[in-house]
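Close look at the chain arrangement
What follows is the residue order along each chain.
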Amino acid sequence: MELKTARLTLLIDPNKKAAFEHLCSQLDLTPSQVVRQLIRDYLAQHGMTYTPSGQDMQDARAADAGRGGAAKATKATRSR
């Protein structure tokens, strides 16, 4: 999941926009959710890869948590 977002502005026919918003509402989805999925599918279809924003930070936090957990387990083992 992305931690940061950026705005994408596009021009679309007002009637097409209304129909799209109506369909999204019927499917209990937001237009943003549908557009994000369309972009992910389009990138995958064309073999484009990307790292979601914030992924490096999540990986670093997970690594830190793993090291901290290992250190705590080692201390607990030594004290026995």
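About the cut-offs
Residues numbered from 1 in each chain as written. Predicted model: local features only at pLDDT ≥ 70, side-chain atom pairs only at ≥ 80, totals over all residues. Heavy atoms only, no water. Patch = residues over 30% accessible without salt bridge, like charges linked within 9 Å, V, L, I, M, F, W, Y side chains within 5 Å. Areas by Shrake-Rupley, 256 points an atom, 1.4 Å probe, with all protein chains shown as cover. Salt bridge = Lys/Arg side-chain N within 4 Å of Asp/Glu carboxyl O. Helix = DSSP H or I, 4+ residues; strand = E, 2+ residues; numbered from the N terminus. Buried < 20%, exposed > 50% of the residue type's maximum accessible area, 1.4 Å probe, protein only. Expected span 1.5 Å × (residues − 1). 1 Å grid on protein atoms, 1.4 Å probe; cavity = no way out; pocket = protein on both sides within 12 Å on 5 of 7 lines; lining within 4 Å. Points joined across faces, edges and corners; volume = space filled by probe spheres on them. pLDDT = per-residue confidence, 0-100. Contact = heavy atoms within 4.5 Å.

A separate point is a nonpolar patch on the surface. Together, Leu 8, Leu 10, Ile 12 and Ile 39 make up an exposed nonpolar region whose accessible area comes to about 380 Å². Inspection of the secondary structure assignment puts Ile 12 in the segment before α1 (14-26). On the basis of relative accessible area, Ile 12 is assigned to the partly exposed category, the value being 39%.

Let us look at α1. Because each turn of an α-helix spans 3.6 residues, side chains separated by three or four positions end up pointing in the same direction. Its 13 residues place the ends of α1 18 Å apart at the C-alpha level, agreeing with the 18 Å of an ideal helix rising 1.5 Å per residue. Once α1 finishes, Asp 28 follows within two positions and takes phi at roughly 55°, a positive value.

Glancing now at the layout of surface pockets. Taken as a whole, the largest pocket holds about 840 Å³ of empty space. Lining the largest pocket are 22 residues, with Leu 8, Ser 32, Val 35, Arg 36 and Ile 39 sitting closest to its centre. When contributions to the lining of the largest pocket are tallied by element, the ones reaching two or more residues are α1 and α2 (31-45). For the lining of the largest pocket, the element with the most residues is α2, which contributes seven residues.

What follows covers the pattern of salt bridges. Considering all chains together, one arrives at one salt bridge under this definition. Residue Lys 17 pairs with Glu 21 through a salt bridge whose shortest N-O separation is 2.7 Å. Here Glu 21 and Lys 17 lie together in helix α1, a separation of four residues that amounts to about one turn.

Turning next to unusual backbone geometry. A positive phi angle is found at Asp 28, which is not glycine, with a value near 55°. Relative to the helices and strands, Asp 28 resides in the loop between α1 and α2.

The pLDDT averaged across the chain works out to 83; a share of 74% of its residues lies at or above 70. No element of the chain has a lower mean pLDDT than helix α3 (residues 55-78), which averages 61, and none a higher one than α1, which averages 98. Note on residues 76-80: pLDDT is under 50 here. Beyond four places in sequence and across chains, it has zero contacts.

Here we come to the environment of Phe 20. The residue Phe 20 is located in helix α1 in this model. By relative accessible area, Phe 20 is classed as partly exposed at 26%. Sequence spacing of Phe 20 and Pro 31 is 11 residues, and the spatial spacing of their C-alpha atoms is 7.4 Å. Dropping the residues within four chain positions of it, Phe 20 is found in contact with Pro 31, Val 34 and Val 35.

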